[in-house]
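Topology and contacts: notes
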Amino acid sequence: MKIKNILSVLTAAALSLSLLAACGNSGDKNTPATVKSDDGKELQVLRVANMTGQPDQYADYIGTEQGIFEKYGISLETSEFVAGINTVDAIVNGTADTGLLADFAAVNRFGNTLADTNLVICSDLSTGAEQKSDSELTDDGGIYVAPQYADDISALDGSEGWITNIGTVSEYYNWQAQTYLGLDPSKQKIVQTDSVSTQLAVVHNSEASAAVVTGSLSDKYKEEGWVKIASTDEIGINISAYLITTREFAENNTDLLADYFKALDESVKYINENLDDSAKKISEKFGIEEEDFKLNWSQYSIKYGLSEEGAAHLDEINNWAFENGKYPEAYNIRQFYYTKAVEKAFPDNVTVDLSSVEK
């Protein structure tokens, strides 16, 4: 009798677990789980990989706080990573559904995984190309040099070195900056760093001579006595970011992604219209100074869609990366575009030309 009772309990427990599992994610990473809101509304769970300090992280947070995502039927789950390589890894291994990837990181990732990648670019996110010059906060960054080089740019040639993070877009930006100054990039020394704190330590210890600096980090360089000798606009630097996902997830959840884009757009508008209040909340949540947040935010031009300008920017970086040996085979990055979700959300913002992609 005892054995029968034990078996009955185990069977009942197994059945209960099965029923619970049926109410959540089906086990298919391309089928989002559903949850109930406080008022009983059914919401689809969307898991987003945020890169620290990027605009989607702030829009995700404020939009969640204001109930914007819930309004669009989304229960947002976010995870934070320090670099784009980590966000894309989370998407590939199935622990996130979508996330941000910057321009150089995108072309590098696709170029080094051509044979087996299932990633796609599903929307533009932001660019630094259209600075808000009417803002008193705005400093668009540029080439910063140690004070002894401010009046003798030619002395930079072969000097202590340019601060660089190997494998990231800083390599490309340094090439642009050095070319702009008339220096031969192949002859310049590099100083490898892996974080903002490492950069600042190098600057403080006078172990480098130049760097391309953007955002609120510019102020830190100024505090160390470094001088800006050219702006990002003068150099032609355009810092862009894109949202990515897997092709399978995009095809199975086109409407969900479209709603996410619309909710993000509404969240961005809320931040812009309530900047001081949003800055305070973001400062309390993420530890960034309110003025630093507003400075960084003022430099983003955020627009969801898939523009021809955004694709041409990726083409340019892609060509440079291949020619400089970042991956072995040339490819057309436009083959990794998925347009259907953003076409549902913002059809007028899809201007990319995909005629070069083989059918």
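Coordinates for the structure precede this section.
Keep in mind that this is a model prediction, so the values were computed, not measured. (Residues numbered from 1 in each chain as written. Predicted model: local features only at pLDDT ≥ 70, side-chain atom pairs only at ≥ 80, totals over all residues. Heavy atoms only, no water.)

1. Considering helix α7 (residues 196–204)
- Among all positions of α7, only Gln199, Val202 and Val203 are buried. The arc that holds every buried residue of α7, seen down its axis, measures 100 degrees, which confines them to one face. In this structure, α7 carries Ser197 and His204 as exposed residues pointing more than 90 degrees from its buried face.
- Buried positions along α7 lie against β7 (162–164), β8 (190–192) and α8 (217–223).
- Trailing α7 by a residue or two, Ser206 shows a phi angle of about 55 degrees, which is positive. (Buried < 20%, exposed > 50% of the residue type's maximum accessible area, 1.4 Å probe, protein only. Helix = DSSP H or I, 4+ residues; strand = E, 2+ residues; numbered from the N terminus. Arc of directions from axis to C-beta. Contact = heavy atoms within 4.5 Å.)

2. Remarks on the nonpolar core
- Formed by 95 residues in total, the largest nonpolar core has its most connected members in Ile121, Tyr221, Trp226, Tyr260 and Phe261.
- In terms of residue count, helix α11 (residues 254–273) provides more of this core than any other element does, nine residues in total.
- In this structure, Tyr260 is in contact with Leu46, Val48, Asp60, Phe69, Ile74, Leu76, Thr98 and Leu243, ignoring residues within four places of it in sequence. (Core = buried A, V, L, I, M, F, W, Y, C linked by side-chain atoms within 4.5 Å.)

3. A few points about the packing of aromatic side chains
- Tallied over the entire structure, the rule returns 17 aromatic pairs.
- For the pair Tyr61 and Phe286, a centre-to-centre distance of 5.5 Å together with 80 degrees between the ring planes defines the contact as edge-to-face. With Tyr61 in helix α2 (residues 55–65) and Phe286 in helix α12 (residues 275–286), this residue pair connects regions lying 225 residues apart in the sequence.
- Residue classification places Tyr61 among the buried positions, given a relative accessible area of 18%.
- Seen from their ring centres, Tyr221 and Trp226 are 5.3 Å apart, and the 80 degrees between their planes marks the pair as edge-to-face. (Phe/Tyr/Trp six-rings, centres within 6.5 Å; stacked < 30°, edge-to-face > 60°.)

4. Considerations on the packing of α12 against helix α13 (residues 290–298)
- Interaxial distance between α12 and α13 falls to 9 Å at its minimum, and their mutual angle equals 120 degrees. The angle between α12 and α13 places the two elements in the oblique class. For α12 against α13, the interelement crossing comes out right-handed. Between α12 and α13, the residues in contact are Leu275, Asp276, Ala279, Lys280, Ile282 and Ser283 and Glu290, Phe293, Lys294 and Trp297, respectively.
- Of the residues belonging to the contact of α12 with α13, the class tally is five nonpolar, one polar and four charged. (Axes fitted to C-alpha atoms, helices over the stretch in contact; angles between N-to-C directions. Parallel < 35°, antiparallel > 145°, perpendicular 65-115°, else oblique. Left-handed = near helix turned anticlockwise from the far one by under 90°. Nonpolar A, V, L, I, M, F, W, Y, C, P; charged D, E, K, R; others polar.)

5. Digging into the pattern of salt bridges
- This model, assessed by the stated rule, comprises 12 salt bridges.
- Of the charged contacts in the structure, one is a salt bridge between Lys262 and Asp259, with a shortest N-O distance of 3.5 Å. In this pair, Lys262 and Asp259 are both assigned in helix α11, three residues apart and thus about one turn of the helix distant.
- Using a relative accessible area of 28% as the deciding quantity, one classes Lys262 as partly exposed.
- Residue classification places Asp259 among the partly exposed positions, given a relative accessible area of 23%.
- Residues Asp265 and Lys269 are paired through a salt bridge, measuring 3.3 Å at the closest nitrogen-oxygen approach. Pair noted here: Asp265 and Lys269 are both in helix α11, with a separation of four residues, about one helical turn. (Salt bridge = Lys/Arg side-chain N within 4 Å of Asp/Glu carboxyl O.)

6. A closer look at the pairing of strand β5 (residues 119–127)
- The buried count for β5 comes to nine of nine residues, which makes it a mostly enclosed element.
- Bridge count between β5 and strand β11 (residues 240–246): seven bridges; the pairing is antiparallel. Bridging from a neighbouring strand, Thr127 pairs with Ser240 of β11.
- The pairing of β5 with strand β12 (residues 301–305) spans three bridges and is antiparallel. Pairing of Ser126 across the sheet is with Ile302, part of β12. (Pairing = 2+ DSSP bridges.)

By themselves, these observations are geometric and do not establish any function.
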